[in-house]
Amino acid sequence: MRYRSALLAYLLTMMTLTSAAATRTLDRTHVFPATTSHTVKIDVSFHDVEVVVRPGDTVEVAVHLEATGSDTKAGKILAVLDPVFRDDGGTLLIRSTKKGWGGFSSTKVNGLVNVAMPPDLDLVVDGSSGSFSAQGDFGSGDVSCDASSGSFELHGAAEDISADLSSGSVVLKLTRPARQVRVDTSSGSVRLEGGAHSVKADTSSGSITLADLQGEAHMDASSGSITARWTTIPSSSAVVANASSGSVNLSFPKNTVLAGTVSVSSGGIHSDYPGEM
């Protein structure tokens, strides 16, 4: 009898704990006129961000938030993260952030920001964690991403592309060469297809793979290999490749004449190109 009473008490306790956990959601949408704006800025904490470029004169935004925990805490965190949509005189701001998670550590929160925007606008994404993906041709617009952790992918094109990640990989599959690409990631690989006229890629841990380059490049991999291929390269273009641990493979167009310095602390050097090295 005591065993049955203890079992019943345990089951009731488990039922109480289970019922105390709740999942609450929050959905917000907004439409900005884009005719007088030049920048879309997305400022988030942990959200995944997905951006699509399409014709039009508006910026359409949809934000989905989901919090799982006690009903009270879930409701409070959603209220704090309730997104702000604001036109700051040329900059369209989408913000859903919270500084510090004191008192909410037991609450699981997910977020997704979907944006559809016209070309020729700059896009700035600032996030603590979460992935960022963009599709389409930004025209004359630039794309910038700054995140503590999370991946960054762009399938399309933009004038200038920059990414600063503490942890996460960067994949750029471009339909036309960018004017400039700058990538800095502490931990993660860097991959570029479709080329650029100027590239600077720096990773502390991870490989660098660049294809279809058309100009100068500065590549630095503390731990990982470097592979770069040029389709064309103007004379007097500067190319720098530093790899503390890993191989370096550079491929230039036929009849390219090289001049400079190559040194290795461990391993060999081989060149198929004329010139003084």
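All of these numbers come straight from a predicted model, not from anything done at the bench. Per-chain numbering applies: the sequence of each chain, read as written, is numbered from 1 onward. Local features in this predicted model are restricted to residues whose pLDDT is 70 or higher, and side-chain atom pairs enter the listing and the counts only when it is 80 or higher, whereas totals over whole chains, interfaces and linings include all residues. In computing side-chain values, all of the structure's heavy atoms are included and hydrogens and water are not.

Description of the overall build of the protein chain
We count it as follows: Secondary structure elements are defined from DSSP: runs of H or I of at least 4 residues count as helices, runs of E of at least 2 residues count as strands, and each element is numbered from the N terminus. For every residue, the accessible area obtained with a 1.4 Å probe (protein chains only) is divided by the maximum for its type, and the residue is called buried under 20%, exposed over 50%, and partly exposed between those limits. When checking whether two residues touch, look at their non-hydrogen atoms; a contact exists if any pair is within 4.5 Å. Working definition of accessibility: Shrake-Rupley area with a 1.4 Å probe, residue cover restricted to the visible protein chains.
Along the protein chain, the regular secondary structure elements total two helices and 23 strands. For the protein chain, buried positions account for 37% of its 277 residues. Look at the contacts in the protein chain between residues 6 or more apart in sequence, and 37% of them connect residues 24 or more apart. For the protein chain, the exposed surface amounts to about 14,500 Å²; the carbon and sulfur share of it is 49%.

With respect to the pattern of salt bridges
Threshold: By convention in these notes, a salt bridge is any Lys or Arg side-chain nitrogen within 4 Å of a carboxyl oxygen on Asp or Glu.
Enumeration over the complete set of coordinates arrives at 10 salt bridges. Salt bridges sharing common partners tie together Asp137, Glu159 and Arg176.

Quick word on the environment of Pro55
As for its placement among the helices and strands, Pro55 is situated in the loop between strand S3 (48–53) and strand S4 (58–70). Given the relative accessible area of 73%, Pro55 is considered exposed. Note: C-alpha distance between Pro55 and Pro119 (64 residues apart in sequence) is 6.9 Å.

Quick notes on empty space enclosed by the protein
The condition is simple: Note on definitions: the grid is 1 Å and covers protein atoms alone; a cavity is a set of points where a 1.4 Å probe fits but cannot get out; a pocket is an open set with protein on both sides within 12 Å along at least five of seven lines; lining residues have an atom within 4 Å of a point. Grid points are joined across faces, edges and corners, and a volume is the space filled by probe spheres set on the points.
Going through the model one piece at a time under the given rule, you end up with one cavity of 30 Å³ or more. By volume, the largest cavity is sized at about 70 Å³. Taken together, 14 residues line the largest cavity, and the ones lying closest to its centre are Val125, Gly127, Gly130, Phe132 and Ala147. When residues of the lining of the largest cavity are traced back to their parent elements, those giving at least two are strand S8 (122–129) and strand S10 (143–149). Ranked by the residues each element gives to the lining of the largest cavity, the list is headed by S8, at three residues.

A short note on unusual backbone geometry
Located in the positive-phi region is Asp212, a residue other than glycine, with phi close to 65°. On the secondary structure map, Asp212 appears in strand S17 (residues 208–213). Backbone geometry places Asn255, a non-glycine residue, at a positive phi of 75°. Residue classification places Asn255 among the exposed positions, given a relative accessible area of 65%.

Overview of helix H2 (residues 71–81)
Heads up, the rule is: The arc refers to the directions leading from the helix axis to the C-beta atoms.
Inspection of H2 places Ala74, Gly75, Ile77, Leu78 and Leu81 among the buried residues, and these make up the whole buried set. Seen end-on, H2 carries its buried residues on one side only, within an arc spanning 165°. Those residues of H2 that are exposed and angled more than 90 degrees off the buried face are Thr72 and Ala79.

Side note on a negative patch on the surface
Which entries qualify depends on this criterion: For patches, a residue must show more than 30% relative accessible area and have no salt bridge; joins then use 9 Å for like charges and 5 Å for nonpolar side chains, namely Val, Leu, Ile, Met, Phe, Trp and Tyr. His is not counted, nor are the chain ends; Lys and Arg add positive charge and Asp and Glu add negative charge. Lysine's charge is taken at NZ, arginine's at CZ, aspartate's at CG and glutamate's at CD.
A contiguous patch of negative charge on the surface is contributed by Asp126, Asp146, Asp164 and Asp184. Overall, the relative accessible area of 39% leaves Asp164 in the partly exposed class.

Examining the nonpolar core
This is how the line gets drawn: Side-chain atoms within 4.5 Å are what join buried Ala, Val, Leu, Ile, Met, Phe, Trp, Tyr and Cys residues into a set we call a nonpolar core.
Core analysis: the biggest nonpolar cluster contains 63 residues, and Ile42, Val51, Val59, Phe132, Phe138 and Phe152 have the highest contact counts within it. Take this core: its biggest share by element is five residues, from S4. Other than its neighbours up to four places away in sequence, Ile42 contacts Val49, Val51, Ile94, Val113, Val115, Leu123, Val124, Val125 and Asp126.

Details of the pairing of strand S14 (residues 180–185)
We count it as follows: The criterion for strand pairing is that DSSP finds at least two bridges linking the strands in question.
In S14, alternate side chains face the same way, and those of Val181, Val183 and Thr185 are buried while those of Gln180, Arg182 and Asp184 on the opposite face are not. In this structure, strand S12 (residues 160–167) lies alongside S14, joined through six bridges in parallel fashion. Counterpart to Asp160 in the pairing with S14 is Gln180.

Here's the deal with the sheet that holds strand S2 (residues 39–44)
How we decide: In this analysis an axis means a line fitted to C-alpha atoms, helices contributing only their contacting stretch, and an angle means the value between N-to-C directions, from 0 to 180 degrees.
Pairing is mixed across the open sheet formed by 10 strands, whose spatial order is S5-S6-S2-S8-S10-S12-S14-S16-S18-S20. The open sheet has two edge strands, strand S5 (84–87) and strand S20 (239–243), and neither has a second partner. Neighbour to neighbour, the strand axes of the sheet diverge by 5° on average, direction disregarded. Strand direction decides the pairing type here: S10 and S12, joined by six bridges, are parallel. Looking at the pairing, Asp146 lines up with Asp164 of S12.

A short note on the side chain of Ser162
As for its placement among the helices and strands, Ser162 is situated in strand S12. Setting aside chain neighbours within four positions, we find Ser162 in contact with Val143, Ser144, Cys145, Phe152 and Arg182.

Taken by themselves, the reported measurements are silent on function.
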